[in-house]
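# An overview of the molecular structure
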Amino acid sequence: MEKETNGVARLIQKAEEEESQVQVDIWKCISGFAEMAVAKCAIELGISDFLESHQEPVPLHQLSSALGCSASSLHRILRFLINRGIFKLVPIENGEMGYVQTPVSRLLKRDGENSMAALVLLESSPVMLAPWHYLSARVLAKENTGAFSAAHGKDVWEYAKTNPEHSKLINDALACHARMTMRAIIDNCAEIFKGIESLVDVGGGNGTTLGMLVKAFPWINGINFDLPHVVSDAPPCHGVVHVEGDMFDYVPKAQAAFLMSVLHDWGDEECIQILKKCKEAISKDTGKVIIVEAVLDEKIGKEKSFKDVGIMLDMIMLAHTTNGKERTAKEWAYILTAAGFSRHSIVQIPAIESVIMAHP
């Protein structure tokens, strides 16, 4: 009888624990936006920048005074971020506690090679947040107008063309992403670029990606190709020529073409059109198209955490583009074959994306 009673008690306890976890999970969902908003606040306050400039832990009173903000509010902001592994609190002399950096918090610096602040600032901007309120309307709509268009009356590229401040946010965010991903490519895929004398970066933004490639592989002559309003703000870069144009009309001639985080912005038919233009631009015998994009497949060897980010990126595409999406290996094979490429391969790198090499 006692054994039976204990068994029932354990079942009741397990049910209560599961119910508690369900409540925790739904509250995480409800307050999901808070993490982005508080990270944005930390960037705007310059918390990471200040801590990075100090070798010793910084107590609350010193940090709040330096940043010119309320000590009690700053304490609450940092308590939230520390609870998520962003920043750390350590003991210092006289029983005080001081704040220090973590590998994650260093990504929130406003400047520096490893900064991802520009991506946070873009995605948390009012312009990029508004389309999320139209997500269900897009899913329900018989005609695909896009959540961004529903929110702003034009797609993200048309909006950027007429709003220079938002265009800069996009270019800064893409450059930030490029710095992170290109290091993984340069360190792990150097052989891909051997023998390439000329390379056109299609949709290359401000030239950050191509600049890194030319510096790492100085035998490459780079052509940074993007829309006029993007190229007009691109800084001079040794070994890189900036060319303005529309990838749906033509792609400048080169031995190879490079596209990073471009094709996921577009639907299949648009991707096929872009890829055909790339195929026309490259050498038929020795040319190739190098694509850097997420591939949503467990079987290709990506870690689960990377796959999870890829699926989250797909939701961003759903909210911010009209036809864009992240693709599986099978979906990539479809558009590459339809564009006329005879073969392709997928190379893994330690990043969200994979490197897809397509040959005529």
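Only a predicted model underlies this, so the values are computations on that prediction, with no experimental measurement involved.

### Section: the overall build of the protein chain
Helices and strands together make up the secondary structure of the protein chain, namely 16 helices and 9 strands. Principal-axis analysis of the C-alpha atoms gives the protein chain an extent of 75 × 60 × 45 Å. Within the span of the protein chain, comprising 360 residues, buried residues form 43% of the whole. Within the protein chain, contacts between residues at least 6 apart in sequence are counted, and of these 64% link residues at least 24 apart. For the protein chain, the exposed surface amounts to about 19,100 Å²; the carbon and sulfur share of it is 56%.

### Overview of the pairing of strand β7 (residues 288-293)
Here β7 lies mainly inside the structure; 6 of its 6 residues are buried. Here β7 shows two buried faces, one formed by Lys288, Ile290 and Val292 and the other by Val289, Ile291 and Glu293. Pairing geometry for strand β6 (residues 256-260) and β7, over 5 bridges, is parallel. Each residue of the ladder has a partner; that of Met260, found in β7, is Val292. Taken together, β6, helix α14 (residues 268-281) and β7 constitute a β-α-β crossover, and its handedness is right-handed. Where β7 and strand β9 (residues 354-359) come together, 5 bridges link them in antiparallel fashion. Paired with Glu293 across the bridge in β9 is Ser354.

### Description of the packing of helix α2 (residues 32-45) against helix α5 (residues 71-83)
Where α2 contacts α5, the two axes come as close as 10 Å, and the packing angle between them is 125°. If you check the angle between α2 and α5, you find them oblique. Considering the relative orientation of α2 and α5, their crossing is left-handed. Every residue of α5 that contacts α2 at Ala34, Glu35, Val38, Ala39, Cys41, Ala42 and Leu45 is listed here: Leu74, Ile77, Phe80 and Leu81. A class-by-class count of the residues in the contact of α2 with α5 yields 10 nonpolar, no polar and 1 charged.

### What to know about the nonpolar core
The biggest cluster of nonpolar side chains holds 31 residues, and the ones touching the most others in it are Val202, Leu259, Leu275, Val289 and Ile291. Once residues within four sequence positions are removed from consideration, Leu275 is found in contact with Leu263, Val289, Ile291, Ile335, Leu336, Ala339 and Phe341. Formed by 26 residues, the second largest nonpolar core is a distinct cluster that contains Ile185, Ile192, Leu210 and Leu213.

### Section: the pattern of salt bridges
Taken as a whole and judged by the stated rule, the model has 10 salt bridges. Taking the shortest distance from any N to any O, the salt bridge between Arg84 and Glu35 comes out at 3.4 Å. Of the two residues, Arg84 is situated in the loop between α5 and β1 (88-91) and Glu35 in helix α2; the sequence distance between them amounts to 49 residues. The residue Glu158 makes a salt bridge to Lys161 at a minimum N-O spacing of 3.3 Å.

### Some details on the sheet that holds β6
Judged by pairing direction, the sheet is mixed, and its 7 strands sit side by side in the order β5-β4-β3-β6-β7-β9-β8 without closing on themselves. Edge positions in the sheet fall to β5 (240-244) and β8 (343-348), since each has one partner strand and no second. Taken pair by pair, the neighbouring strands of this sheet meet at an average axis angle of 20°, ignoring direction. Pairing analysis gives 5 bridges linking strand β4 (residues 221-226) to β5, with the strands arranged parallel. In the sheet register, Asn224 faces β5, and the bridge partner there is His242.

### Re the environment of Arg183
As for its placement among the helices and strands, Arg183 is situated in helix α11 (residues 164-188). We classify Arg183 as partly exposed; its relative accessible area is 23%. Taking C-alpha positions, Arg183 is 9.8 Å from Thr209, a pair spaced 26 residues apart along the chain. Among all residues touching Arg183, those that are not within four sequence positions of it are Glu113, Asn114 and Met212. Among the polar contacts made by the side chain of Arg183, one reaches the side chain of Asn114 at a distance of 2.8 Å.

Each value, and the rule that gives it
Residues numbered from 1 in each chain as written. Predicted model: local features only at pLDDT ≥ 70, side-chain atom pairs only at ≥ 80, totals over all residues. Heavy atoms only, no water. Helix = DSSP H or I, 4+ residues; strand = E, 2+ residues; numbered from the N terminus. Buried < 20%, exposed > 50% of the residue type's maximum accessible area, 1.4 Å probe, protein only. Contact = heavy atoms within 4.5 Å. Areas by Shrake-Rupley, 256 points an atom, 1.4 Å probe, with all protein chains shown as cover. Pairing = 2+ DSSP bridges. Right-handed = clockwise from strand over helix to strand, strands pointing away. Axes fitted to C-alpha atoms, helices over the stretch in contact; angles between N-to-C directions. Parallel < 35°, antiparallel > 145°, perpendicular 65-115°, else oblique. Left-handed = near helix turned anticlockwise from the far one by under 90°. Nonpolar A, V, L, I, M, F, W, Y, C, P; charged D, E, K, R; others polar. Core = buried A, V, L, I, M, F, W, Y, C linked by side-chain atoms within 4.5 Å. Salt bridge = Lys/Arg side-chain N within 4 Å of Asp/Glu carboxyl O. Polar contact = N/O pair within 3.5 Å; in protein donor to acceptor, adjacent residues only side chain to side chain.

Nothing here speaks to function; it is geometry throughout.
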